[in-house]
Amino acid sequence: MAIRLGSESLAHLKGVHPDIVRVVTRAALMATADLDFKVIEGVRTDQQCYINYGKGRTAAQCAAKGVPAVHAAPGLPKVTWLSDPLNSKHRKQKDGFGHAVDLIPYPVDWNNLKRFDALAKLVLEAAKLERVSLRWGADWNQNGRPREKGETDSPHFELA
Ligand SMILES: [Zn+2]
């Protein structure tokens, strides 16, 4: 039992709310070798929010939301559907911490949603044990039915 979080994962946890860090640490302790995972994102800068928003959008669409046109990348697939480009729990919140992390099964196969589901089950179990209320990006209303409304953010967990 237990997997070891690599240095990249640990670096991504910097600046993330201690409750989330506790949950991720606990999940790593509970994980079996077949459920190895990585932290791929923690705190996100405004710049990164703009870059994400620009993917799949034109300069005009970016400008309409106050995103510098230089970030427009209409040829790339869209990665965010936020109506406010800066409305992300990955940004530093009022308490000075980021309130979200992105986790992926490792090695990752983005098409194998079963592994994302298995990882989410583990993480939500760890959250329960740590008494942290966590929301999963593939089950926005937290009713235990992933992707029922077409949610696509399987790596994402945030404080509820
Ligand atoms: Zn995320």
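Residues numbered from 1 in each chain as written. Predicted model: local features only at pLDDT ≥ 70, side-chain atom pairs only at ≥ 80, totals over all residues. Heavy atoms only, no water.

Novice: Tell me what's going on with the coordination of the zinc ion, and back it up with residues and numbers.
Specialist: Binding of the zinc ion to the protein goes through His90 (NE2), Asp102 (OD) and His156 (ND1), at separations of 2.0 Å. In the primary sequence, the donor residues of the zinc ion line up as H-x11-D-x53-H. Here histidine 90, found in the loop between helix 4 (59-64) and strand 2 (100-105), pairs with histidine 156, found in strand 4 (residues 156-159); they are 66 residues apart in sequence, far enough to count as distant. For the pair formed by histidine 90 and histidine 156, the shared burial category is buried. (Donors = N, O, S within 2.8 Å, 3.2 Å for Na, K, Ca; no water. Helix = DSSP H or I, 4+ residues; strand = E, 2+ residues; numbered from the N terminus. Buried < 20%, exposed > 50% of the residue type's maximum accessible area, 1.4 Å probe, protein only.)

Novice: Pulling in residues and values, what's your account of the pairing of strand 4?
Specialist: Taken residue by residue, a regular strand's side chains alternate between the two faces of the sheet. The alternating pattern of strand 4 places His156 and Glu158 and Phe157 and Leu159 on opposite faces, both of which are buried. Looking at chain direction, strand 2 and strand 4 are connected through three bridges and run antiparallel. Paired with alanine 100 across the bridge in strand 4 is glutamate 158. The pairing of strand 3 (residues 134-136) with strand 4 spans three bridges and is classified as antiparallel. Note on strand 4: the bridge partner recorded for tryptophan 136 is phenylalanine 157. (Pairing = 2+ DSSP bridges.)

Novice: For helix 3 (residues 46-54), give the residues involved together with the corresponding values.
Specialist: Taken together, the buried positions of helix 3 are occupied by Cys49, Tyr50, Asn52, Tyr53 and Gly54. Buried positions along helix 3 lie against helix 4. (Contact = heavy atoms within 4.5 Å.)

Novice: How would you explain the nonpolar core if you had to name every residue and give the values?
Specialist: The biggest cluster of nonpolar side chains holds 27 residues, and the ones touching the most others in it are Val24, Phe37, Val101, Leu103, Val123, Leu134 and Phe157. Secondary structure elements with two or more residues in this core: helix 2 (18-30), strand 1 (37-41), strand 2, helix 5 (113-129), strand 3 and strand 4. Broken down by element, the residue count for this core peaks at six residues, all from helix 5. (Core = buried A, V, L, I, M, F, W, Y, C linked by side-chain atoms within 4.5 Å.)

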